[in-house]
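Residue strings, one per chain:
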Amino acid sequence: MTPRRLVPLFLAAFLLIGSAGQAQAAGYRYWSFWDRDGGKWVYATQGPSMDRPSDGDVQGFRFAVSENSGDAAQPRGTADFASICAKTPAEEGSKRVALVLDFGTAADAPSGETPPAPRTACAQLSPDATTADALAAVAGPLRYNASVLLCAIAGYPKSGCGEQVSEKNSTATPAPDQNVAENTGNDDGPSVGLIAGVAVIATLAAAGAWQSRRRRNATR
């Protein structure tokens, strides 16, 4: 095996290591906050305790594991103000805000918890009320952390707040054999893919050295 032929194999090994690192990508389990703009959801630029929606606005919340706002899961279900607030008549001196509450899927739920079914609600509030006020009126109890990050809506989840979650552990109920495989040893140690990649490199290096010695012996 010549050095030139070894190059593609070394590249393949390094690609294997790179893909293994990507497989360990981490996300965060949290409630994301959205504004409805026409027919689409837009990631909110302010937190619910700061945002002051107008009468007729539709806002949504989605509980999920995501790496950042770019890949955050959007609320599912009906997002139409007229249908959500149809049974809440307008009143002078107040505003109505439609809320879409999506508690996410079992895959994103904390261990031992089951997400409630998605639902909608119409909050009738004073004109200067915030989104946090709307949530407190129709979806309590709420839970915040010391940084005023929204941790729970309607009591879900019971604990945790924006914690980091590795991709391999994002599922709430892994199969028993997967659970054993994933939890054997230290989670901070090297992955199976990384170990395999290093082994490939070591094997290729040994093969190259053997071939070099063989060629030198043949020319003597």
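Residues numbered from 1 in each chain as written. Predicted model: local features only at pLDDT ≥ 70, side-chain atom pairs only at ≥ 80, totals over all residues. Heavy atoms only, no water.

Colleague: Talk me through the packing of aromatic side chains; I want residue IDs and the actual numbers.
Modeller: According to the stated counting rule, one finds 6 aromatic pairs in the structure shown. Judged by centre distance (5.4 Å) and plane angle (55 degrees), the rings of Trp 31 and Phe 63 are tilted. Of this pair, Trp 31 sits in strand 1 (residues 26-37) while Phe 63 sits in strand 3 (residues 58-66); the two residues are 32 residues apart in sequence, bridging distant segments of the chain. Across the pair, exposure class does not vary: Trp 31 and Phe 63 are buried alike. (Phe/Tyr/Trp six-rings, centres within 6.5 Å; stacked < 30°, edge-to-face > 60°. Helix = DSSP H or I, 4+ residues; strand = E, 2+ residues; numbered from the N terminus. Buried < 20%, exposed > 50% of the residue type's maximum accessible area, 1.4 Å probe, protein only.)

Colleague: Describe the environment of Asp 57, listing the residues and the values that go with them.
Modeller: Its location among the elements puts Asp 57 in the loop between strand 2 (40-43) and strand 3. A residue is classified by how much of its surface remains accessible, and Asp 57, at 30% relative accessible area, is partly exposed. It is 9.3 Å that separates the C-alpha atoms of Asp 57 and Lys 95, two residues lying 38 residues apart in sequence. Beyond its immediate chain neighbours, meaning those up to four positions away, Asp 57 contacts Phe 81, Arg 96, Val 97 and Ala 98. A distance of 2.7 Å separates the side chain of Asp 57 from the backbone nitrogen of Ser 54, its partner in a polar contact. (Contact = heavy atoms within 4.5 Å. Polar contact = N/O pair within 3.5 Å; in protein donor to acceptor, adjacent residues only side chain to side chain.)

Colleague: If you had to explain the state of the cysteines to someone new, which residues and values would you point to?
Modeller: Two cysteines form a disulfide when their sulfur atoms are joined by a covalent bond. According to the stated counting rule, one finds 2 disulfides in the structure shown. Paired through a disulfide, Cys 85 and Cys 122 show a sulfur-sulfur distance of 2.1 Å. With the S-S bond torsion at 100 degrees, the cross-link from Cys 85 to Cys 122 turns out right-handed. Of this pair, Cys 85 sits in the loop between helix 2 (81-84) and strand 4 (95-102) while Cys 122 sits in strand 5 (residues 119-125); the two residues are 37 residues apart in sequence, bridging distant segments of the chain. Considered together, Cys 85 and Cys 122 belong to a single accessibility category, that of buried residues. Across the disulfide from Cys 151 sits Cys 161; the S-S distance is 1.9 Å. Negative torsions about the S-S bond denote left-handed disulfides, and the value of about -75 degrees found for Cys 151 with Cys 161 makes this one left-handed. (Disulfide = S-S within 2.5 Å.)

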